[in-house]
Structures are given as C-alpha cells and as structure tokens.
Amino acid sequence: MKRLFAAVLAGAMVMGMAACSSSETGEKASGSSGSDGSAQTEDSGKVVLNVINYHVGTDYAAEYYSYLFEEFQKTEEGKNVEFNFEEIPTTDAYNQKIKLLISSGDLPDIVFNGGNNITELAAKSGKVADLTQYFEEDPEWKGLFDDTSLEFNTVDGKIYGVPVSKEISYIYYNKELFQKAGIEAPEVAYETWDDFFKACDALKKEGITPVGMDTADMGWLTNLWMSALIGTNGEAGSEWMNTMYPDDFNTPEVEEAAKTIQTMFKEYTTDDAVGGKYDPMATHFFNGEIAMIPNGPWMIPDFSQTEKAPEGFYDKVGIMLMPGKGMEMVPTPGDMVGASGDEEKIKAAVAFLKFETSPENQIKALEMTGLQPVSNDLEIPGELTESDPLMAEVLKIQNEAAVTYGQNQAYWYQNTIDTFSTELPELAYGNITPEEFCKKLTESAAKNQE
Amino acid sequence: MKIKNKGFWIAAFTMPCMVLFALVYAAPIVTVLYTSLCDYTTFSPPAFTGMKNFASIFGDQDFLVSIKNTLIWVLLQSVFHVTLGLVMALVLRRKPKGWKIVRTAYMIPNIIPTAATGVMFTLLLNPTFGIVKPFLEKIGIEVSQTPNLFGNSKYAFWTVTATWILYAGFNTIIFLAEMGAIDKEIYEAARVDGASPWQLDRFITLPLMRNIFGTCVTLASVAMVSQFDIIYMTTKGGPGNTTLNLPIYLYKAATLENNYGKANAVGTVQIAVGLALVLLIQRLFREKKEDAR
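Residues numbered from 1 in each chain as written. Chains lettered and ligands numbered in written order. Predicted model: local features only at pLDDT ≥ 70, side-chain atom pairs only at ≥ 80, totals over all residues.

A. Spatial organisation of the overall build of chain B. On a plain count of helices and strands, chain B comes out with 14 helices and two strands. In terms of its C-alpha atoms, chain B occupies a principal-axis envelope of roughly 75 × 70 × 30 Å. Pairs at least 24 apart in sequence give 71% of the contacts found in chain B among residues at least 6 apart. (Helix = DSSP H or I, 4+ residues; strand = E, 2+ residues; numbered from the N terminus. Contact = placed C-beta atoms within 7 Å.)

B. Geometry of the overall build of chain A. Looking only at helices and strands, one finds 21 helices and 12 strands in chain A. Counting every position in chain A, which comprises 450 residues, the buried fraction comes to 50%. (Buried ≥ 20, exposed ≤ 12 C-beta atoms within 10 Å, placed from the backbone.)

C. Focus on unusual backbone geometry. The amide bond that connects Gly238(B) to the next residue, Pro239(B), takes the cis arrangement and shows omega of -10°. Topologically, Pro239(B) is positioned in the loop between α12 (229–234) and α13 (246–255). The phi torsion at Met218(A) lies on the positive side, around 75°, for a residue other than glycine. Within the secondary structure layout, Met218(A) lies in the loop between β7 (209–211) and α10 (220–231). We note that Lys236(B) has phi near 55°; this positive angle belongs to a residue other than glycine. A count of 19 C-beta atoms within 10 Å places Lys236(B) in the partly exposed class.

D. Just the domain arrangement of chain A, in detail. Residue and element names in this part refer to chain A. Domain annotation for chain A reports domain 1 (47–161 + 333–373) and domain 2 (167–331 + 391–449). Each side of the interface is counted separately: domain 1 has 11 residues, and domain 2 has 10 residues. Looking at the side of domain 1 that touches domain 2 element by element, the count peaks at three residues for helix α7 (residues 147–152). Looking at the side of domain 1 that touches domain 2 residue by residue, the class counts come to three nonpolar, eight polar and no charged. (Domains from an automatic or database assignment. Nonpolar A, V, L, I, M, F, W, Y, C, P; charged D, E, K, R; others polar.)

E. Local environment of the nonpolar core. Counting 74 residues, the largest nonpolar core has Tyr170(A), Tyr172(A), Trp225(A), Ile261(A), Met292(A) and Ile293(A) as the members making the most contacts within it. Ranked by residue count, the leading element in this core is α10(A), at eight residues. Counting 52 residues, the second largest nonpolar core, distinct from the first, contains Tyr167(B), Met209(B), Leu246(B) and Ile281(B). (Core = buried A, V, L, I, M, F, W, Y, C linked by C-beta atoms within 7 Å.)

F. The pairing of strand β1 (residues 47–53) of chain A, seen in detail. Residues and elements named next belong to chain A. Burial of β1 is extensive: six of the seven residues sit out of reach of the surface. Here β1 pairs with strand β2 (residues 81–87) via seven bridges, running parallel. Following the sheet pairing, Val 51 is matched in β2 by Phe 85. Once the chain exits β1 it traverses helix α2 (residues 62–72) before rejoining the sheet at β2, and the crossover so formed is right-handed. (Pairing = 2+ DSSP bridges. Right-handed = clockwise from strand over helix to strand, strands pointing away.)

G. Up close: the confidence of the model for chain A. Residues at a pLDDT of 70 or more form 90% of chain A, whose mean pLDDT is 87. Low pLDDT, under 50, characterises residues 4–40 of chain A; the predicted model gives this stretch 87 contacts beyond four residues in sequence or across chains. (pLDDT = per-residue confidence, 0-100.)

H. Broad picture of the environment of Pro301(A). All names here are of chain A. Of note, Pro 301 is situated in helix α14 (residues 300–303). By C-beta crowding, Pro 301 is classed as partly exposed, having 18 other C-beta atoms within 10 Å. Separated by 90 residues in the primary sequence, Pro 301 and Met 391 place their C-alpha atoms 9.3 Å from one another.

I. Summary view of helix α3 (residues 61–93) of chain B. Residue and element names in this part refer to chain B. Taking 1.5 Å per residue, 33 residues should reach 48 Å; α3 reaches 47 Å between its end C-alpha atoms and fits that length. At Gln 77, α3 is bent by approximately 30°, the largest bend along its length. Where α3 terminates, the next one or two residues include Lys 95, which has phi positive at roughly 50°. (Expected span 1.5 Å × (residues − 1). Bend = angle between axes of the 7 residues up to and from the residue.)

J. Quick look at the environment of Asn245(B). All names here are of chain B. Residue placement: Asn 245 occurs in the loop between α12 and α13. Taking the C-beta count within 10 Å as the criterion, Asn 245 has 28 such neighbours and is therefore assigned buried. Asn 245 sits 18 residues away from Gln 227 along the chain, and the two C-alpha atoms are 8.0 Å apart. Once residues within four sequence positions are removed from consideration, Asn 245 is found in contact with Ser 66, Asn 69, Thr 70, Trp 73, Gln 227 and Ile 231.

K. Quick look at the packing of α3(B) against α13(B). Residue and element names in this part refer to chain B. Between α3 and α13, the least distance of the axes is 8 Å, while the angle of their chain directions is 145°. The residues of α13 that touch α3, namely those facing Asp 62, Phe 63, Ser 66, Ile 67 and Thr 70, are Leu 246, Ile 248 and Tyr 249. Of the residues that constitute the contact of α3 with α13, the class distribution is five nonpolar, two polar and one charged. (Axes fitted to C-alpha atoms, helices over the stretch in contact; angles between N-to-C directions.)

L. How the structure looks around the environment of Ile108(B). Residue and element names in this part refer to chain B. Relative to the helices and strands, Ile 108 is located in helix α4 (residues 99–111). On the basis of neighbour count, Ile 108 is assigned to the exposed category, with 10 C-beta atoms found within 10 Å. Once the C-alpha coordinates of Ile 108 and Phe 170 are considered, the two residues, 62 residues apart in sequence, prove to be 10.0 Å apart.

Written as structure tokens, this is what we have:
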C-alpha cells in the first residue's frame, strides 16, 4: 500500500511538471476565446467590434492604426461602430494567439494579419467570413486591388483577406562607406551577382564589412539575400521563388543560392551574423559597421530616429535593387473578418477594411509607416519628394525592377522557415553542405504532408 | 507517539492535493494520451489512427536527438548540478568569512527570470560585442574568428548547458536546511572521539543527506525533462538539432507543423520518460537507504 501510494505521488509530481510543457498542446486543443463572439449590438444601436490589436506601444504602425480607428468612427459607416480592443504587443504573440483561436475559439471581428500567412488556415477553419460578395457588390473597391493580390488572399475560389499593402525589399547601402572604398554604387542595381561581389571585395579590402546577415528569429536578412539569389537566377529560379509552399528545395537554383549564402557568411558579413537577430544587424548598419543591408521601406523611418541611428544618417543611405534588377515583391496576406454570424458586425468590419484600404489611407500609411500602397495607380503627393526623398526613391526605383519574386516568410511552410533558421548556422560553418542544407528543407516541408 | 489509523490520516491529508491534481491535470493528460493516437491538426478534429504518430516521431532523426539531449541534460543535472549544490552547502555550513554574501549571491541566478538569463547570455557571449573576444585577447589567445558559442554547433550544447548547470543555489538551500536539522549532539560526540571536520562530513553529514539528495535528484531530473524557456530564448533547439530537446520538439510540432496529434505523441513520450526517471531514482535511493540499515 505504502509503495503504491508513493508511486502515485511520484506520478502526480512528474505529470504535473511534464504537463507544464505538454500543456502547450492541451491549451491549443481547449483554449478559450479572448473575444466574445456573441452579437453585441448595444442598446444605443451601436455595433461593437472586437479587435485584437498588435499595432500598439512601440510598433511601427501604432500611431497609424490609432489614427485609423479614430477617423473611421467619424465616417458615415463608422459613426455607429465601437471597438472593443484587446492589445497584444509583438506580432509573434499576436500570431500565436490568432492560431490558438483558429484552433479552438472565436476569432475577433477584425482579424489583422500579423505577417504569417494564416489566410488558408483561417479560411479552412470556417471562422472567417467569405468576403467575395462584398468585393462583387463594390467594383470600385475591388478595382483598387490587382489580380495577384486578390488571388493571394483567395482560398478555394473565395476571397477571405483584404490586402492592405504590398511588401517589397531591396538593398540599402551606406554612401559614405562606398565612397571610402572608392566604388560607385549603381543607379538602379548591379548587372550581375559577380559585379555585386566585386564591390563586396573592394569594401572588404578597405576593412569594411560588406553585408548584414542573420540566422535567428527566422533569419530575415539572410532570407532576403537567399530569395534574391534564387529569384534572379533565370526563369526557373524566378518561378520557384514565386511558388506557394514549395516542397522540393534540391533544385539547381536553390542549391546554388545556398552555396553563395555559405560564402557570404564566411567572407562578407559580421562575426555575430550566425546566431544573430535582425536588430543587432540593423544597429551595425546604423553605426556604419556594415555597408549594405536588404530590407523594405518600413526601415526608412528608423534612419532619422536619433534613438536608433546617429544624427544625419538618413542622408548617408542610398537604395539599389538586387543584382540583375531583382526585387522581392509579394502581396501581403490580408486582414480578415471574423465569421461571427452577426450580419451587422460583418458589414461594419468590412466597412472598416474598406476605410483602411481607401486610396487616402493607403497614402497615409505610406507616409506614416512606410507601408507600400497595395493599389498600383495611386497619385503620390509631390511633397513626399521633399519630406522623404528616400521613400520617393523607393516608389521610383520599384518601377525599374526587371524581376520580382517572393520570399520565404510569405511562401514557405512555417516549419520550413524554422528549419531554414536553425540550419543556417550549420551551413555557415560548413558543418553541412549546401545540398544537405536543401535536403533538410525538403524533409521539413514534407512533414506538412504527413 | 503511536498514531492510530495512520494510513487514513495520510490519505486524508493528501486528498486535497490529489483531487486538485485530478481536476487540473488528469483531464488534459487523458486528452493528451488519447489525441496522441489520433490524426489531429488545426484543419481536422481528432480521428483515431492508432500508433501512426509514434511511428512518425520515432522515425524522425530530430526526435531521437531530442530524446538523447534530454537524457544527457537529465544526467548532468542529476549528477553534477545536485552535487555542486551539496558541495556549496557543505562549504557554507562551516560559515567561512563572507558566507552570508556568498549564499545570497549564489541564489541570485535562481531569482532572475530564465527568459532574462537567456537574453543576458546571448548578449554576453555575442562574438562581436560580448565578453569572449576581450577575454581571449586578455589571456593572450589569438583567434582569426571569435568563437560563436551559441551559433556554432561545436559549442552550442555546452554553452546552453552552462546557462543553468552551475547555478545550484536552490539545491544548496535545501541541503543547508537539511543539515541544520541534524542533531548537534551527534557532531559533539564525534568531536569528543577525535573526528576531524572532514570525517564529520564524510561519516555523519553525507550519509544523513541521502534522502534529501534523492529528492533533489528527482526535482532536477523532472525539471530537465520539461526544460524549455532558456533553450527557446537562446538557440530554439539549433544550430541544426544540437540543442533540441523534447519540449522544444513538441512546441515545434504543435505550433509550426500545426500537428497536435504528433505533438501530443511527443508529450506522451515526455510523460513516460519523466515517470520512468522518477521511479528509477526512487528505487535507486530506496535501495541505498536499505543498504544503510
């Protein structure tokens, strides 16, 4: 009896502690919603929309979204709408929360897309509303989006997401460091990758680290280099890099890109790139410790923030496309509407998304956050050239792109992005070959078919 | 004092804990066990598939590495970490000069959140601006490239281990409390018989620490089976699978592959490993206790 009792107690203890980590899964299976899915039309006749907002605190778009919510309530469609906010700082925490709610809970009425491509996940769960009819009923609104952007947000022929911006990225370079190395940056882009690496050698010769790279937190910068190397490698590379959920990474273009990435880690970047995150690499760029960094327009406001970059840094920065006039350009996964079953709430949420994507607010977003307008033919205000010449240059240079391609965080399976991040150090230190690296990515993608 | 119906009273006093355990943990554990046998993803509700998830994980090299790493860490924690706590307690019990400061300082790592410890170590050991480069220069070692302790798989496992293995303050406190409970008359009698301080520790203190040593080993082992946060903060199981353990593997299966059935199969293995360890340790120390009689 005594022995049995001791064994039960011991079991209780280990299960208690082991379940600390296993509860991650349990929670996913049984977690409750943070928002109330029931109809919430108040006595006053106001429609209450539940919103989980991650654009808060120091988020780059916090001010813009605060403006949006406030201004929407001043419009005819928004005057009877009230927002019930749940604030979650950081996109990571937000994405986890939304995935949890998709799995077991009710989604908020407005479902912001936190960067991860969760459109398909949400659509298949049946917890977001089919917005096709709203697009069909308002051709003017639908006309703001090109086919690619809408297709990107379509699952089984139905539109679930409203794309609010386009994501592009290219290279920022430090004009002063280029000058120091005696090289002139091209007006648009280096013709070839060979020309690009010749410039890297020239920089290195002067003791300047040519490029910023990273591996941690999904290896954002390295992902941009790798995507560019694949996407600009002929038609096959471009096609591969524009493929959603690729499952074969052992193609000549990807293996070749992995080989070049290995060389870049060994020859052209900082010691802390392996294992490093984006933020310290950005700081290296701001401090003039690296000459080039790939990124999107959302980085531009940082150049003139003195708590991030030295005074006058903005004027030292130039922009060029990737070699071969390549540019990463992906439609963003759009914002969605929770399928609450309450028509009033769905209509109000759609009205907000229409307001968010109005031409005026797309321009406002560009000015306040650097987010690129999703619509192609918007009139860009002339004063932008004066107030933000770099942003004006971005708008100009993107028309010069000869090749556009996607990037892994938008197109790859999530676990494959993680494998990319954890295997990069092994590739960088030569512990695995580029072919083995690609094989691991292929194996990781295959896990999604199990 | 002889207590009547001892078994009844033990059951009565432990019942609230057992009921609480049943309510808070039993249901999730049953769910974990059942869904580990199901095809269960974000897209699909649980559908019974038998041992498919177990076949999948045991066929995955990463999972086998995660078990190996977990067991190595359990061993290191049970042997080295707990022994270090005991040695510190033996030293501090003699109350050498400054012992109170040392005791307090040694506890500090235990009160810092592990997430903060992880961030602190990643910054400290950063190859560009961390302490490694100046340290190597100071001791006259010239290297062409500063070792990247978290980033390079040659060092990552031991670097992650170093973020917790030396900080045995919790065990030290437990041992000190147990040592304080030893009857002083035993020591006095031994001193009268001419025992040296070393002999007092060797023949009195250490034998009387066996039970609490077993408890510390159990706690340390179980903690290692569910170790997650500091690995997640520093390496996320990488580079490659160098620092992958069961909880990180489980987390990735659940959140990145959205495969809850597979994740729960890992959870089941984790619970089984933890239970096996507890029973093994219990048996090991019970035998020793019987030997001592």
